[in-house]
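What follows is the residue order along each chain.
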Amino acid sequence: MRASERVYRTLREEIMHGVLPPGHLIAEVEQAERMGVSRTPVREAIGRLLADLLVEPNTGRGVVVAPISIDNVHDLFEMREALDTACAALAARRADPTVFHDLATRFEAAHQRLATGDAEVQHYYDLVSELDAAIDTATDNRYLQQAQASMHSQLIRVRRLSKTNTARLMASAKEHEQIARAIAAGQPDLARAATLVHLHNALAAIDEAATEPHHEATTP
């Protein structure tokens, strides 16, 4: 693996999973010393992170990890509406139905586990990521896949800043089940509509959390 790729992957993972929080300074010299590389690979990696919108220029040296605000989340969901619905519809036309029948069954089971308190939130998020990956693969469109990869990086950051709301997770599991079933049935319009419902409900939960400090929301 090239040094710049290794630095990029390391910093990206640290940003996505909160090791480097919003506002954290990323300076070339310090990162080069930490990772045992020259400044050039770090500079190249930072350029890619800027393109991913994971960092932004700093008034002084280096860059800082991009903040996450409610305005940023709304912008993200505008992009999700365009991309996720298109991908779901394409997947319904092109997917192997058995893959999505299986995912729908697993989301149904996840809903039951969440209802009884037996499910671990991270395992549920892993299942959501599996559905996302299956949809991306089914679209068979590398341009959409590249755009989705960038968006998913942002979504993981939003999700980590959200609190766990079991009721919202249960509803989300049913919404994902419906998306998977629509794709398995080969119904593009239904897959698009199910995706829109999920995005609307997820954003509504975020807005509610932003206006009610004691309310907890989750963004799956």
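Position labels on residues start from 1 in each chain and follow its written sequence. Local features are withheld for residues below a pLDDT of 70 in this predicted model, meaning they are given only at 70 or higher, and side-chain atom pairs are given and counted only at 80 or more; totals for whole chains, interfaces and linings count all residues. The basis for the side-chain values is all heavy atoms of the structure; hydrogens and waters are excluded.

(A) View of the side chain of Ser-4. Here a strand is any run of E in DSSP of at least two residues, a helix any run of H or I of at least four, and the numbering for each starts at the N terminus. Inspection of the secondary structure puts Ser-4 in helix 1 (residues 3-16). To sort residues, take the accessible area from a 1.4 Å probe on protein chains only and compare it with the maximum for the residue type: under 20% means buried, over 50% means exposed, and anything in between is partly exposed. Residue Ser-4 is classed as buried on the basis of its relative accessible area, which comes to 6%. At 3.2 Å, the side chain of Ser-4 and the side chain of Glu-44 are in polar contact. Here, residues are in contact when the closest pair of their heavy atoms is within 4.5 Å. Beyond its immediate chain neighbours, meaning those up to four positions away, Ser-4 contacts Pro-41, Glu-44 and Ala-45. Whenever two N or O atoms come within 3.5 Å, that pair is a polar contact, provided that in protein one can donate a hydrogen and the other can accept it, and provided that, for residues adjacent in sequence, both atoms are side-chain atoms.

(B) Highlighting the confidence of the model for the protein chain. Model confidence for the protein chain is summarised by a mean pLDDT of 89, while 93% of its residues fall at 70 or above. The spread of mean pLDDT over the elements of the protein chain runs between helix 7 (residues 142-161), the lowest at 83, and strand 1 (residues 25-26), the highest at 96. The predictor attaches a confidence to each residue, and that confidence, scored 0 to 100, is pLDDT.

(C) Looking closely at the packing of aromatic side chains. Only the six-membered ring of Trp is used, alongside the rings of Phe and Tyr, when aromatic pairs are assigned; centres must lie within 6.5 Å, and planes under 30 degrees apart are stacked while those over 60 apart are edge-to-face, with the rest tilted. Counted under the stated rule, the structure contains two aromatic pairs. When the centroid spacing of 6.1 Å and the interplanar angle of 80° are considered together, the rings of Phe-107 and Tyr-124 count as edge-to-face. Of this pair, Phe-107 sits in helix 5 (residues 97-116) while Tyr-124 sits in helix 6 (residues 121-139); the two residues are 17 residues apart in sequence, bridging distant segments of the chain. Residue Phe-107 shares its accessibility class with Tyr-124, and that shared class is buried. Tyr-124 sits in the buried class, given a relative accessible area of 3%. An aromatic cluster of three or more residues is present, and its members are Phe-107, Tyr-124 and Tyr-125. A cation over a ring is seen here: Arg-48 above Tyr-8, with NZ or CZ 3.7 Å from the ring centre. A ring has a charge above it when a Lys NZ or an Arg CZ is no more than 6 Å from the ring centre and no more than 35 degrees off the ring normal. Stacked on the ring of Phe-77, the Lys or Arg Arg-80 has its end atom at 4.9 Å from the ring centre.

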